[in-house]
Amino acid sequence: MAKPLVAIVGRPNVGKSMLFNKLVGQRLSIVEDTPGVTRDRLYAEAEWCGHTFDIVDTGGIEPGTDSEILTFMRRQAEIAIQNATVIVFLCDIKTGLTASDQEVANMLLRSRKPVVLAVNKADQVGLTNPDIYEFYNLGLGDPIPVSAVHGHGTGDLLDACVQHFPENGEEDEPDDVVKVAVIGKPNVGKSSLINRILGEERVIVSNVAGTTRDAVDSYFENETGKYLFIDTAGMRKKSKVDDRIEKFSVLRATMAIERADVCLILIDANEGVTEQDTKVAGLAHEAGKASILVVNKWDAIEKDDKTMDRMREDIRRDLSYMTYAPIVFISAMTGQRVPRLFELINYVNDQAAMRITTGMLNSVLADATARVQPPSDKGRRLKIFYMTQVGIKPPHFVCFCNDAQLFHFSYQRYIENQIRNTFGLEGTPIRLTIRQKGDKEG
């Protein structure tokens with residue numbers, strides 16, 4: 001049974017994102033005074049009086065708009081309305097009732113969904129502002145005065161929402177959901193891929209770079225498993241990030257990587273690996289996340305029988321620190337090889353969670369040191385006493401030796417390769433910590 005969904009809608013700049021952040025209790029939605037900052041639907045979980053539910057913050061509905069992005073935002077809001085259990089319609093007491101409010105109200109009445117009318121920016125406590133009475137004209141029942149900035153009235157608002165929830169108990173999200181962050185530079189097709197997977201226009205797709213500004217979560221389930229896809233704003237070069245909203249987006253993408261189990265790193269087949277791609281991939285690698293290199297727009301490439309091999313070699317050369325990541329060639333536009341991603345996601349997620357017994361590790365270590373002598377320096381030779389696994393996601397191994405100074409990087413790489421050759425660990429980085437005997441553990 002899915003959790004109830006509360007959608008916050010209204011025209012641009014009435015304070016939807018601020019109310020969303022106040023109700024969720026954390027700064028999830030980007031709040032800026034520029035209309036159109038929240039372009040996609042942004043979901044988060046909230047709790048009130050023992051009810052757990054999802055809240056969705058939508059882009060402002062601008063009735064009868066020409067701008068491409070504003071039309072998209074309107075469509076996103078409409079999809080949110082279709083899926084919502086309850087709709088919170090937010091107006092602004094400072095600007096009063098507008099023709100746009102009336103149009104949005106008519107749209108909501110046609111949806112036949114329960115609507116709770118809230119009037120924001122009623123910041124004074126105590127006296128009722130007489131301006132609130134004009135909102136009765138919308139025909140949506142009693143307006144609830146709220147202040148998204150101070151939090152007044154939010155309790156009354158949530159009480160009104162909870163009354164419309166179904167009686168059945170809600171289930172929590174199961175633990176077997178794999179969280180997948182879709183990352184890459186702007187315009188590489190992240191949103192198109194998620195839309196292809198979901199089969200609905202969950203994320204705005206447009207050729208305007210930077211359309212997805214927030215990280216948006218989309219739940220998806222099929223015969224291979226349960227997934228939560230996190231679509232992130234395209235990460236640009238730091239020098240180009242002068243706009244404050246863009247800075248938020250890079251930060252959000254970094255947070256999305258932290259939350260994820262698996263990262264899909266999208267690369268544009270037309271451009272190959274750019275400097276920006278190496279930065280994006282580096283973030284996933286540093287965070288120790290299982291990763292898949294996804295070459296998108298493969299349908300747009302003129303190919304012969306060697307094209308794929310050449311591209312694979314170029315990627316391996318340019319992302320030399322990620323030799324463990326599998327490469328898959330897809331087209332989000334046509335859907336070519338997209339279904340294959342699910343098996344790969346499951347596979348690399350399992351590999352990142354693999355545990356290897358100390359006995360097996362040490363037999364690999366004994367074999368490796370017998371084949372290639374550990375390095376020595378000024379007559380003193382490296383002795384590796386034993387090795388053990390201390391963590392997963394990514395697999396983390398600790399090597400105890402007589403002198404950490406002697407354990408050269410190249411020999412660490414050799415040991416890591418031996419572990420990979422024996423146990424696979426495909427798609428996941430490995431952490432190797434060197435400890436000298438006598439070092440404190442921990």
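The structure displayed is predicted, hence computed values, not measured ones. (Residues numbered from 1 in each chain as written. Predicted model: local features only at pLDDT ≥ 70, side-chain atom pairs only at ≥ 80, totals over all residues. Heavy atoms only, no water.)

1. A short note on the packing of aromatic side chains
Overall, the coordinates contain 10 aromatic pairs when judged by the stated rule. Ring plane angle 45° and centroid distance 5.4 Å describe the contact between Tyr-411 and Tyr-414, whose orientation is recorded as tilted. Placement of the pair is Tyr-411 and Tyr-414 together in helix α11 (residues 409-423), with a separation of three residues, close to one helical turn. For the pair formed by Tyr-411 and Tyr-414, the shared burial category is buried. (Phe/Tyr/Trp six-rings, centres within 6.5 Å; stacked < 30°, edge-to-face > 60°. Helix = DSSP H or I, 4+ residues; strand = E, 2+ residues; numbered from the N terminus. Buried < 20%, exposed > 50% of the residue type's maximum accessible area, 1.4 Å probe, protein only.)

2. A few points about unusual backbone geometry
Note on backbone geometry: most residues besides glycine have negative phi, and most peptide bonds are trans. Of the consecutive residues Lys-393 and Pro-394, the connecting peptide bond is found in the cis state with omega at 0°. When you line up the elements, Pro-394 lands in the loop between β15 (384-391) and β16 (396-401). The residue Asn-13 is not glycine, and still its phi comes out positive at about 65°. Topologically, Asn-13 is positioned in the loop between β1 (5-9) and α1 (16-24). Classification of Asn-13 by relative accessible area gives partly exposed; the value is 37%. Positive phi outside glycine occurs at Arg-112, with the angle close to 60°. Mapping Arg-112 onto the fold places it in the loop between α3 (99-111) and β5 (115-120).

3. Observations concerning α1
Counting buried residues along α1, seven of its nine residues qualify, which places the element largely inside the surrounding structure. Remark: Gly-25 follows α1 within two positions and exhibits a positive phi of approximately 85°.

4. Points about the packing of α1 against helix α4 (residues 154-162)
A pair of packed helices is captured by two measures, namely the crossing angle of their axes and the spacing between those axes. Between α1 and α4, the least distance of the axes is 11 Å, while the angle of their chain directions is 85°. Relative to α4, the element α1 lies roughly perpendicular. For the pair formed by α1 and α4, the contact residues are Leu-19, Lys-22 and Leu-23 on the first element and Thr-154, Leu-157 and Leu-158 on the second. Residue composition of the contact of α1 with α4, by class: four nonpolar, one polar and one charged. (Axes fitted to C-alpha atoms, helices over the stretch in contact; angles between N-to-C directions. Parallel < 35°, antiparallel > 145°, perpendicular 65-115°, else oblique. Contact = heavy atoms within 4.5 Å. Nonpolar A, V, L, I, M, F, W, Y, C, P; charged D, E, K, R; others polar.)

5. A look at the nonpolar core
In this structure, Leu-193, Phe-229, Leu-264, Ile-292 and Ile-345 are the most contacted members of the largest nonpolar core, which totals 27 residues. Among the elements of the structure, β7 (177-183), α5 (190-198), β9 (225-231), β10 (262-268), β11 (290-296) and α9 (340-352) are those that each provide at least two residues to this core. The element that contributes the greatest number of residues to this core is α9, accounting for six residues. With 25 residues, the next largest nonpolar core counts Ala-44, Val-88, Leu-90 and Phe-165 among its residues. (Core = buried A, V, L, I, M, F, W, Y, C linked by side-chain atoms within 4.5 Å.)

6. Description of the pairing of β7
Most of β7 sits out of view: six of its seven residues are buried. For β7 and β9, the ladder comprises six bridges, and the chain directions are parallel. Residue pairing in the sheet places Val-180 in a bridge with Phe-229 of β9. Note: β7 against β10, four bridges, orientation parallel. Of the residues in β10, the one forming a bridge with Val-182 is Leu-264. (Pairing = 2+ DSSP bridges.)

7. Here we look at the environment of Met-354
Looking at the element boundaries, Met-354 is found in the loop between α9 and α10 (358-371). The exposure class assigned to Met-354 is partly exposed, which follows from its relative accessible area of 22%. When the C-alpha atoms of Met-354 and Pro-394 are compared, they prove to be 8.8 Å apart, with 40 residues separating the residues in sequence. When sequence neighbours within four positions are dropped, the list of residues in contact with Met-354 reads Gln-389, Ile-392, Phe-423 and Leu-425.

8. Side note on the environment of Arg-337
Tracing the sequence through the fold places Arg-337 in the loop between β12 (327-329) and α9. On the basis of relative accessible area, Arg-337 is assigned to the partly exposed category, the value being 32%. If we ignore the near neighbours within four places in the chain, the residues touching Arg-337 are Trp-298, Met-308, Phe-329 and Ile-330. Within the structure, the side chain of Arg-337 is placed 2.7 Å from the backbone oxygen of Phe-329, a separation counted as a polar contact. (Polar contact = N/O pair within 3.5 Å; in protein donor to acceptor, adjacent residues only side chain to side chain.)

9. Remarks on the confidence of the model for the protein chain
A low pLDDT score tells you not to read the predicted coordinates there in detail. Put simply, the protein chain has an average pLDDT of 82, and 80% of its residues get 70 or more. The model gives residues 30-41 a pLDDT under 50, and that stretch makes 60 contacts with residues more than four places away or in other chains. (pLDDT = per-residue confidence, 0-100.)

10. Remarks on the pattern of salt bridges
Scanning the entire structure with this criterion turns up 15 salt bridges. A salt bridge links Arg-317 to Asp-318; its shortest N-O distance comes to 3.3 Å. Taking the relative accessible area as the measure of exposure, Arg-317 reaches 55% and is therefore exposed. With relative accessibility at 29%, the residue Asp-318 sits in the partly exposed group. Here Arg-371 ties to Asp-367 by a salt bridge, and the two come within 3.0 Å at their closest N and O atoms. One end of the pair, Arg-371, and the other, Asp-367, are both in helix α10, four residues apart, so they sit about a helical turn from each other. (Salt bridge = Lys/Arg side-chain N within 4 Å of Asp/Glu carboxyl O.)

11. Examining α3
Taking 1.5 Å per residue, 13 residues should reach 18 Å; α3 reaches 19 Å between its end C-alpha atoms and fits that length. By the burial criterion, the buried members of α3 are Ser-100, Asp-101, Val-104, Ala-105, Met-107 and Leu-108. Projected down its long axis, α3 shows its buried positions confined to an angular sector of 160°, all on one face. In α3, the exposed residues that point more than 90 degrees away from the buried face are Ala-99 and Arg-110. Positive phi appears at Arg-112, one or two residues downstream of α3, with a value of about 60°. (Expected span 1.5 Å × (residues − 1). Arc of directions from axis to C-beta.)

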